[in-house]
Amino acid sequence: MLIPHPLLGLRDSSEFTYLGDAALLDRPDGMAPDAATRFHDYVHLRDNPAGIHRELWFHEQGDRSWLIVTRNTITHEVLSAELSRDAMKGGAA
Amino acid sequence: MRNGVEGESILQLILLSGNNFDELSATVNILSVFDKYLPKHIASLTIRTGIRDGRSVRYSGLRVIKEALTGHKGWQPIWRNPDPQPAYDYVIVGGGGHGLATAYYLAKTFKQSRIAVLEKSWLGSGNIGRNTTIIRSNYLLPGNEPFYEFSMKLWEGLEQEFNFNAMVSQRGILNLIHSDGQRDAYRRRGNAMLLAGADAELLDQGDVRAMYPWLNFDNARFPIKGGLLQRRAGTARHDGVAWGYARGADLAGVDLIQNCEVTGFRIEDGRVRGVETSRGYIAAGKVGVAVAGSSGRVMAMAGMRLPIESHVLQAFVTEGLKPVIDGVITFGAGHFYVSQSDKGGLVFGGDIDGYNSYAQRGNLGVIEDVAQGGMALMPMIGRARLLRIWGGIMDMSMDGTPIIDRTPIEGLYLNAGWCYGGFKATPASGYAFAHLLTTGTPHETARFMRFDRFERGYPIDEKGMGATPNLH
Ligand SMILES: Cc1cc2nc3c(=O)[nH]c(=O)nc-3n(C[C@H](O)[C@H](O)[C@H](O)COP(=O)(O)OP(=O)(O)OC[C@H]3O[C@@H](n4cnc5c(N)ncnc54)[C@H](O)[C@@H]3O)c2cc1C
Ligand SMILES: Cc1cc2nc3c(=O)[nH]c(=O)nc-3n(C[C@H](O)[C@H](O)[C@H](O)COP(=O)(O)OP(=O)(O)OC[C@H]3O[C@@H](n4cnc5c(N)ncnc54)[C@H](O)[C@@H]3O)c2cc1C
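Residues numbered from 1 in each chain as written. Chains lettered and ligands numbered in written order. Predicted model: local features only at pLDDT ≥ 70, side-chain atom pairs only at ≥ 80, totals over all residues. Heavy atoms only, no water.

1. Let's talk about the overall build of chain B
Inference 1: In terms of helices and strands, chain B carries 13 helices and 20 strands.
Inference 2: The buried share among the 472 residues of chain B stands at 56%.
Inference 3: In chain B, once contacts between residues fewer than 6 apart in sequence are set aside, the share between residues at least 24 apart is 73%.
Inference 4: Carbon and sulfur atoms make up 53% of the accessible area of chain B, which amounts to about 19900 Å² in all. (Helix = DSSP H or I, 4+ residues; strand = E, 2+ residues; numbered from the N terminus. Buried < 20%, exposed > 50% of the residue type's maximum accessible area, 1.4 Å probe, protein only. Contact = heavy atoms within 4.5 Å. Areas by Shrake-Rupley, 256 points an atom, 1.4 Å probe, with all protein chains shown as cover.)

Here it is, written out as structure tokens:
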């Protein structure tokens with residue numbers, strides 16, 4: 001599986017470590033009245049879709065940037081990759 | 001004259017075969033060896049005792065010999081292939097090991113009826129037919145170990161119980177130790193196993209050398225210092241287990257319905273009424289879902305999100321070789337484990353690939369990693385040629401431990417989160433799930449495997465990794 005790193009071009013997926021669903025970028029508000037429930041869901045529950053999945057990959061053996069990779073979990077086809085800091089800046093994470 | 005010779009050697013074999021031996025069918029089978037020489041009325045005796053509704057009812061060593069001598073023409077399909085009924089008391093979704101075992105124990109042990117297993121493909125097409133067949137009860141935590149030991153005890157009686165050769169072989173599993181810290185951890189684990197009634201032995205380097213002199217003891221990074229041995233652990237024939245449970249369930253009246261994919265749940269007032277399938281709607285009193293790697297996908301149809309991610313695990317088999325490894329060896333530090341199948345192939349594997357996947361194949365990175373682990377442990381493996389590599393989809397839970405529990409939807413039950421270790425659990429999982437489905441209460445050994453354990457702060461995390469499914 002090759003990941004099209006926005007700065008470094010195509011890199012082998014084995015250079016990265018994987019964290020999971022990019023929804024993890026949306027941390028719940030720890031001060032909300034229902035924070036305990038929200039954090040349970042945030043930490044433990046996953047959509048786990050068969051098909052398109054936005055997910056976090058860390059280029060550990062490269063430039064150590066976090067990427068948001070959009071990938072098909074049925075075919076392993078990688079559709080796109082962007083720097084998560086760009087996505088966060090745009091508020092679109 | 002020729003008949004006499006055959007008869008004599010067969011009688012010797014009867015005396016030798018203590019296993020699964022049924023005297024009556026044996027006598028009749030002796031006669032039926034000579035079917036072709038005997039009048040019809042004697043040969044037909046076999047049909048009365050050995051076969052019912054066109055299905056083989058009992059196997060015996062003799063039956064095998066008889067078939068060998070008569071060109072294997074007498075074997076019958078071992079389960080029916082029924083169309084679905086409009087309604088059942090119990091619908092089990094998923095015809096893998098756990099679904100089939102659940103149906104078997106529901107019917108045989110808990111004496112329930114009107115049971116169906118719905119399988120989207122053919123029986124045993126999922127992980128039960130793809131796993132590296134290790135059975136063991138060498139867990140640490142009280143939420144796990146009694147359950148796996150219960151499973152081990154069921155394995156020990158399984159073939160007699162369902163009269164099918166599942167090739168259960170208690171050839172022992174050896175977990176290698178490379179450091180003092182690891183020895184302490186394994187000593188603790190071994191003690192936990194003993195406390196739960198399992199067997200465990202701590203070996204020093206000399207003991208391991210005596211067992212496997214050809215291991216690479218002096219690897220610079222991971223020198224072998226000893227091992228934790230569970231002698232009662234071992235292997236079983238992966239799909240034989242599925243077939244044994246399927247046959248037993250079918251004989252007990254369970255409808256095994258293949259090519260029947262569940263595509264939705266009918267839920268009214270918080271209660272499940274039945275399932276939509278590719279073969280029409282089927283009403284159900286209770287629905288038990290046991291779809292392993294597809295758990296997230298299937299439970300999403302009931303509107304539920306699970307503490308589970310689906311990941312791919314690969315396995316490998318070499319060409320058949322002379323016997324070299326008579327047990328199972330795990331090299332956890334090097335992400336590699338290996339055993340040898342009865343056919344002679346080295347069956348081995350390593351870590352999961354580590355990213356969400358529903359593709360039944362993995363990537364080259366892990367293939368290299370596993371090959372390197374193998375070379376580090378037993379350099380001679382480099383001379384073996386690989387026959388095949390394949391993958392299966394694992395239901396990786398947030399703490400590495402399964403869930404056998406009711407769900408917030410009344411009548412809907414879930415059996416999931418088996419990670420890469422659900423084969424060994426097959427008997428206990430089926431038993432405990434059937435117990436839950438009939439009595440509404442968890443089986444004693446599965447009572448910690450609850451859905452809400454994360455919310456309540458009671459995860460069962462053997463490795464202390466936290467909510468990172470790809471590290472369990
Ligand atoms: C315990 C055990 C012992 C086994 N022993 C043997 C044995 O002795 N001999 C033997 O031949 N098989 C053996 N197998 C493998 C078995 O026959 C099946 O191949 C395996 O279980 C996967 O099932 P499948 O082929 O239906 O997989 P599917 O997923 O339906 O088919 C995928 C096929 O594609 C192949 N494949 C996957 N990725 C690639 C790729 N990148 N390039 C090329 N091919 C690819 C896989 O090898 C697999 O055969 C054993 C399996 C198990 C579990
Ligand atoms: C390569 C590999 C090696 C492994 N090695 C070991 C090992 O050494 N020891 C060990 O203990 N465990 C091992 N495992 C894990 C073990 O195989 C699984 O945990 C276990 O088989 C899962 O339970 P099951 O048998 O019920 O799953 P499966 O056999 O996968 O059964 C699930 C069934 O559900 C069906 N299904 C899915 N969706 C639907 C639907 N919508 N409708 C109807 N049916 C559906 C599937 O087709 C499938 O047949 C390994 C797994 C793999 C892939």
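2. So, the confidence of the model for chain B
Note that predicted coordinates carrying low pLDDT should not be read in detail.
All names here are of chain B.
Inference 1: Mean pLDDT for chain B: 90, with 88% of residues reaching 70 or above.
Inference 2: Counting contacts from residues 1–51, a segment whose pLDDT is below 50, to residues more than four positions away or on other chains yields 58 contacts.
Inference 3: Predicted complex, confidence summary: ipTM 0.95, pTM 0.90. (pLDDT = per-residue confidence, 0-100.)

3. Describing the interface of chain B and chain A
Inference 1: On the side of chain A, 21 residues touch chain B, which itself brings 23 residues to the contact.
Inference 2: Carbon and sulfur atoms make up 50% of the area that chain B and chain A hide from each other, which totals about 2000 Å².
Inference 3: If you sort the residues of chain B by the area they bury against chain A, Arg305, Asn356 and Tyr358 of chain B come out on top, with a joint share of 31%.
Inference 4: Counting the contacts that link chain B with chain A gives two salt bridges.
Inference 5: Seen at the junction of chain B and chain A, the total is 15 residue pairs in polar contact (both at pLDDT 80 or more).
Inference 6: Where the side of chain B that touches chain A is concerned, the elements lending two or more residues are α10 (295–300), β14 (308–320), β17 (345–356) and α13 (453–456) of chain B. (Buried area = accessible area lost by both parts, 1.4 Å probe. Salt bridge = Lys/Arg side-chain N within 4 Å of Asp/Glu carboxyl O. Polar contact = N/O pair within 3.5 Å; in protein donor to acceptor, adjacent residues only side chain to side chain.)

4. What about the packing of helix α5 (residues 97–108) of chain B against helix α12 (residues 426–439) of chain B?
Any two packed helices are characterised by how steeply their axes cross, that is the angle between the axes, and by the distance between the axes.
All names here are of chain B.
Inference 1: Between α5 and α12, the least distance of the axes is 7 Å, while the angle of their chain directions is 55°. In terms of their interaxial angle, α5 and α12 are classed as oblique. Considering the relative orientation of α5 and α12, their crossing is right-handed. Contacts from Gly97, His98, Ala101, Thr102, Tyr105 and Leu106 in α5 reach Thr426, Pro427, Ser429, Gly430, Tyr431, Phe433, Ala434, Leu437 and Thr438 in α12.
Inference 2: For the contact of α5 with α12, a count of residues per class yields eight nonpolar, seven polar and no charged. (Axes fitted to C-alpha atoms, helices over the stretch in contact; angles between N-to-C directions. Parallel < 35°, antiparallel > 145°, perpendicular 65-115°, else oblique. Left-handed = near helix turned anticlockwise from the far one by under 90°. Nonpolar A, V, L, I, M, F, W, Y, C, P; charged D, E, K, R; others polar.)

5. Some details on the sheet that holds strand β5 (residues 66–72) of chain A
All names here are of chain A.
Inference 1: Spatially, β3-β4-β5-β6 is the arrangement adopted by the four strands of the open sheet, whose pairing is antiparallel. The outermost strands of the open sheet, each flanked by one partner alone, are β3 (17–21) and β6 (78–83). Direction aside, the axes of adjacent strands within the sheet are offset by 25° on average.
Inference 2: Here β5 runs beside β6; their pairing, made up of five bridges, is antiparallel. If you follow Thr70 over to β6, its bridge partner there is Ser80. (Pairing = 2+ DSSP bridges.)

6. Let's talk about the sheet that holds strand β18 (residues 386–397) of chain B
All names here are of chain B.
Inference 1: On the basis of which strands lie adjacent, the open sheet formed by eight strands has the order β7-β8-β6-β15-β16-β17-β14-β18 and mixed pairing. Two strands lie at the open edges of the sheet, namely β7 (201–204) and β18, each paired on one side alone. Across the sheet, the axes of successive neighbouring strands diverge by a mean angle of 25°, strand direction being ignored.
Inference 2: Bridge count between β7 and strand β8 (residues 226–230): four bridges; the pairing is antiparallel. Bridge pairing in β8 places Asp204 opposite Gly226.
Inference 3: Where helix α11 (residues 364–377) meets the sheet, its contacts fall on β6 (173–177), β14, β15 (328–331), β16 (336–340), β17 and β18, and the angle it forms with β17 comes to roughly 140°.

7. Digging into the packing of α5 of chain B against helix α9 (residues 238–251) of chain B
All names here are of chain B.
Inference 1: Look at α5 against α9: their axes get within 8 Å of each other, and the N-to-C directions meet at 35°. Along this stretch, α5 crosses α9, giving a crossing that reads as left-handed. Residues Leu100, Ala101, Ala103, Tyr104 and Tyr105 of α5 form the contact with α9, whose participating residues are Ala242, Tyr245, Ala246, Gly248 and Ala249.
Inference 2: The residue makeup of the contact of α5 with α9, split by class, is nine nonpolar, one polar and no charged.

8. Side note on the site of ligand 2
Residue and element names in this part refer to chain B.
Inference 1: Among the 38 residues in the neighbourhood of ligand 2, the closest are listed as Glu119, Asn127, Thr132, Tyr420 and Lys424.
Inference 2: For ligand 2, the accessible surface in isolation is 1000 Å², of which the surrounding protein chains cover 96%.
Inference 3: Where the shell around ligand 2 is concerned, the elements lending two or more residues are α5, β14 and β18.
Inference 4: Considering each element in turn, the shell around ligand 2 owes the most residues, three residues, to β14.
Inference 5: When grouped by side-chain class, the residues that make up the shell around ligand 2 number 17 nonpolar, 16 polar and five charged. (Near = heavy atom within 4 Å.)

9. What to know about the pattern of salt bridges
Residues and elements named next belong to chain B.
Inference 1: Under the definition given, this model contains 27 salt bridges over all chains.
Inference 2: Close ionic contact of Asp89 with Arg114 constitutes a salt bridge, the shortest N to O distance being 3.1 Å. Taken together, the positions of Asp89 in strand β3 (residues 87–93) and Arg114 in the loop between α5 and β4 (115–118) put the pair 25 residues apart, joining distant regions of the chain.
Inference 3: Residue Asp89 is classed as partly exposed on the basis of its relative accessible area, which comes to 32%.
Inference 4: In this structure, a network of salt bridges that share partners links the residues Glu149, Lys153, Glu156, Asp199 and Arg232.

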